[in-house]
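Coordinate inspection notes
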Amino acid sequence: MRTVSQFQTAGDVLDVVIADDGVNRVYLHDVATVDNGHKKEDVSVLHNGDQVIVVGVRREQGANVLHMTDQLEIVINRLNTSMLDQEGLYIDWVYDQRPYINRAISIVKQNVLIGGLLAIGVLLLFLRSLRSTATIAMAIPISAIGAFVFLWLTGRNLNVVSLAGISFAVGMLVDNSIVVLENIDRHRQMGKTAIKAAYEGAQEVWGAIFASTATTVAVFLPVVFIQEEAGQLFRDIAIAITSSILLSLVVSISVIPTLINLLYRNRGVSQKNKLQRSVVGPWLAAWIMRFSNLCMKNVFTRITSVVAFTAMSIVLIISLLPSAEYLPLGNRNLILNILIPPPGYSVAKQKELGRYIYNEAAPYFKEDGKDGVPQIKQMFYVGADRINLFGGISEHETRASEMMPLFNRIMQSIPGIFGVSIQAGIFESGIGKGRTVEVNIAGNDIDAIIDAARTVYGMTSQNIKGAQIRPVPSLETSYPEVKIIPDKEKLRANGLTESDLGVYVDILMDGRKIDEYRPEGTKQVDLVIKGDEALFLTPEDILNATIVSGLGDLIRIGDVAELFYTQGMPQINHLERNRTITLQVTPPPEVALQAAMEIIEKDIVGSLAKAGKLNNVTVSIGGNADKLTETRKALQWNMLLALVITYLLMAALFENFLYPLIILFTVPLAAAGGLIGLRAVNALVAPQALDVLSMLGFIILIGTVVNNAILIVHQSLNNIRYKNMAGTTAISDAVKTRIRPIFMSATTSVLAMSPLVIATGSGSELYRGLGSILLGGLGISTMFTLFVIPSLLSFFIVFEKPKIQTDSANAKDAL
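Residues numbered from 1 in each chain as written. Predicted model: local features only at pLDDT ≥ 70, side-chain atom pairs only at ≥ 80, totals over all residues. Heavy atoms only, no water.

Scanning the protein from N- to C-terminus turns up 29 helices and 19 strands. Considering the protein as a whole, with its 815 residues, one finds that 48% of them fall into the buried category. Long-range pairs, those at least 24 residues apart, make up 77% of the contacts in the protein with a sequence separation of at least 6. Accessible surface, the protein as shown: approximately 40600 Å² in total, 57% of it carbon and sulfur. Across the protein, the centroid of the 69 positively charged side chains sits 19 Å from that of the 72 negatively charged ones. (Helix = DSSP H or I, 4+ residues; strand = E, 2+ residues; numbered from the N terminus. Buried < 20%, exposed > 50% of the residue type's maximum accessible area, 1.4 Å probe, protein only. Contact = heavy atoms within 4.5 Å. Areas by Shrake-Rupley, 256 points an atom, 1.4 Å probe, with all protein chains shown as cover. Lys, Arg positive; Asp, Glu negative; His and termini not counted. Charge placed at Lys NZ, Arg CZ, Asp CG, Glu CD.)

Attention now moves to unusual backbone geometry. For the bond running from Val 472 to Pro 473, omega is -5 degrees, close enough to zero to count as cis. Its location among the elements puts Pro 473 in the loop between strand S10 (468-472) and strand S11 (479-486). Despite not being glycine, Asp 371 shows a phi value in the positive range, around 55 degrees. Locating Asp 371 in the fold gives a position in the loop between helix H14 (363-366) and strand S6 (376-383). Residue class for Asp 371 comes out exposed when judged on its relative accessible area of 55%.

Judged by nonpolar contacts, the single largest core of 155 residues is most densely connected at Phe 234, Val 437, Ile 600, Val 692, Tyr 767 and Leu 786. By residue number, the principal contributor to this core is helix H28 (residues 764-793), which donates 13 residues. The contacts of Val 437, once residues within four sequence positions are left out, are Leu 583, Gln 584, Val 585, Leu 593, Ala 596, Met 597, Ile 600, Ile 621, Gly 622 and Ala 625. Core analysis: the next-biggest nonpolar cluster, separate from the first, contains 22 residues, Leu 46, Val 373, Tyr 381 and Ala 400 among them. (Core = buried A, V, L, I, M, F, W, Y, C linked by side-chain atoms within 4.5 Å.)

Tracing the backbone shows Lys 433 in the loop between strand S8 (418-423) and strand S9 (437-443). Considering only alpha carbons, one finds Lys 433 and Gln 584, 151 residues apart in sequence, at a separation of 7.7 Å. Apart from the residues lying within four places of it in its own chain, the contact partners of Lys 433 are Glu 428, Glu 438, Gln 584 and Asn 624.

Looking now at the packing of aromatic side chains. Between two aromatic rings, the relevant description is the distance of the centres plus the angle of the planes. A complete count under the given rule lists 9 aromatic pairs for this structure. With a centroid separation of 5.2 Å and 40 degrees between ring planes, the pair formed by Trp 206 and Phe 210 is classed as tilted. Of this pair, Trp 206 and Phe 210 both sit in helix H8 (residues 194-218), separated by 4 residues, roughly a single helical turn. Accessibility expressed as a relative area gives 37% for Trp 206, which makes it partly exposed. When the ring of Phe 309 is compared with that of Phe 784, the centres are 4.9 Å apart and the planes differ by 55 degrees; the resulting orientation is tilted. Placement of Phe 309 in helix H12 (residues 299-320) and of Phe 784 in helix H28 is noted, with a sequence separation of 475 residues between them. (Phe/Tyr/Trp six-rings, centres within 6.5 Å; stacked < 30°, edge-to-face > 60°.)

On to helix H25 (residues 692-704). An ideal rise of 1.5 Å per residue puts 18 Å on 13 residues; H25 measures up with 19 Å between its terminal C-alpha atoms. Summarising burial for H25: 13 of the 13 residues are buried, a large majority. A distance of 3.1 Å separates the backbone nitrogen of Leu 693 from a side-chain oxygen at the start of H25, and that oxygen is part of Asp 691. (Expected span 1.5 Å × (residues − 1). Polar contact = N/O pair within 3.5 Å; in protein donor to acceptor, adjacent residues only side chain to side chain.)

In this section: the confidence of the model for the protein. Per-chain confidence: the protein averages 84 in pLDDT, with 94% of residues scoring 70 or above. Overall, residues 806-815 carries pLDDT values under 50, and its contacts beyond four positions in sequence, including any with other chains, amount to 0 contacts. (pLDDT = per-residue confidence, 0-100.)

A separate point is the pattern of salt bridges. Charged atoms that come close allow side chains of opposite charge to pair. A full pass over the atoms with the stated rule returns 17 salt bridges. A salt bridge links Asp 70 to Arg 98, with the nearest nitrogen and oxygen atoms 2.7 Å apart. Within this pair, whereas Asp 70 is found in helix H1 (residues 65-80), its partner Arg 98 is found in helix H3 (residues 98-127), the two being separated by 28 residues in sequence. For Asp 70, a relative accessible area of 34% gives the class partly exposed. The class of Arg 98 is buried, set by a relative accessible area of 10%. Ionic contacts of the salt-bridge type, sharing partners, join the residues Asp 70, Glu 73, Asp 96 and Arg 98 into one network. (Salt bridge = Lys/Arg side-chain N within 4 Å of Asp/Glu carboxyl O.)

What follows is the structure, given as structure tokens:
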């Protein structure tokens, strides 16, 4: 179906009648010519110094980046070898995310394997039995594979974050199995048959492992419902860890006892040979037991132990707590350099600027390590009215940031231009917005806004050394403008309006789209009417242009309007209906985002406000700094909620409101250990900030570090209720009984996480901070728990009564 009235060729337009008085008829071809042309070039795009057309591809929400890019590569290769090759054209890749993603996933997989092997090695070292080690090791593949199934059922993608979650869980997957197997082995040493030892051993610790698993899972409930931007990442970790931990509970009470019965039903308790005897273990256990008994020897030692360890933890938390970051920046192989040129650059000038940048960087394309700069693989340049930037990609995937000094030198060498060089972040939501504090200066008077913005800009440069500051829009008010001011009286006298005059001027300058035509077999083409470019070279030529008045007379534009040269802003942004200039401040790597935000709020904006220099404007903080504040508040409330949930859950399981409070005393001990781990990784492995992903580690610690305390409290209560032991004797026996599984589970967890914490490859920055907090928290709290919990528990366990005697007394009363 074809529209009959639509133009089919450009020549059809010339036959249009534009005037007819009944006697004379004027056609368009009488006063105009028609020609095929192109839209006026308004942007310059260069790739490695050559002019190109750029095609950006973005995935739809929910699409897999790797799959999409693979399919895109197939299509591009087909085009390059067929249609484009025939026309002498070629599509080249500028930036590809797959190397970073594939390398990050490969590193996580490798670390999962290494962590699993280390965990199995620790089990073999402790158990000195291949059968027992193989039995516990079964929990790792069953739980990990089950976690993949849960991720699939919940519609989550398998990504670096979810894989890291499973990796962190590897060490914890065997915790329940260790407790069950060790207790079964203890019962076997009493001379019981394999089936009886398996049943009674699992039954005895069932309550403890259920409580520890329930607390670990429960702390993730608040995390799943976090709505902030980081909540998406939290959910991946939460689902991965909780699903695998739940499956490990099922394995520990079903698979482990069954396998023990099958493997040992025909074997009695044999004497250990020399290889099976531990030398260090008994000595270390004896030393710990002596110190633990000393801590709860009397009231003075108990109070001293609790106060000393708690005070030390609080001091460490206060002294080691660093300023916070938002999401990890990542280590993408892409450096963006945002230029701020003088206003009014033409397209030709922009091309000249792009070629200059490429020529300055050209030696670094040929030589690797020149001036310490890694070899450049690709460069691109985009010059437009409101954005001017160039980007660089290195031949070395992990060394892109080392190109930034070179790019800064190139920008500084261009007269009248300054800019910022930023490594593109993996969670970046806009150009140059990966790690920024946005200072919004708003008001009604644009001059007052600019003055305030310049003052804030200068003070920020002084107070945050090395910070890169990008004003949006430019702080320049010298943008050259030509204003054509109409004379309203003369316009009205000639039957014209201001709108009519605007249309005439628009046509004479850049042209105006009036219609469109669609030649058969081709796409739609704009039909534009415009003045002859050869006749209108200067603004004054516009005033001399002849137009038709509303009365049908020919007049000059200069008869009804005047021309003025002036200056103005190239762009005016609005925030909540107020004119706004935004300063995007990117602090140097050694200054955390939270610290930069506090400096800007208190030392800069606060001092300027007190001095009365911001009276006519309103200053607010936004960007990722604002998101950091929101996410921190959400995490703080979720941490508090996790503590409450853990307390109530343990209160229900222990049927007591006091023992959960004792168990929760391990949390500040773990928090101190987490900060020690973070500081150690930052000093020994790689720079690591306390970002919001790392903060999640403190919530996870709440559910995991209580496990050891639960084992001690649960066994102490069992000793009193069912074995008729006294108070401190029951606690001491509980510590002695549970010290081996506590150290086994803690050591397997720590070593299983270690590869992720010490890894420095692509993607490691996502989970390194979280892992260091978990590793440090588990390691320190494991030691402290053996001394603090017994000391604190000894104050209150004296009120416990043996249930055996009570049950016997009730039976006598009944008789």
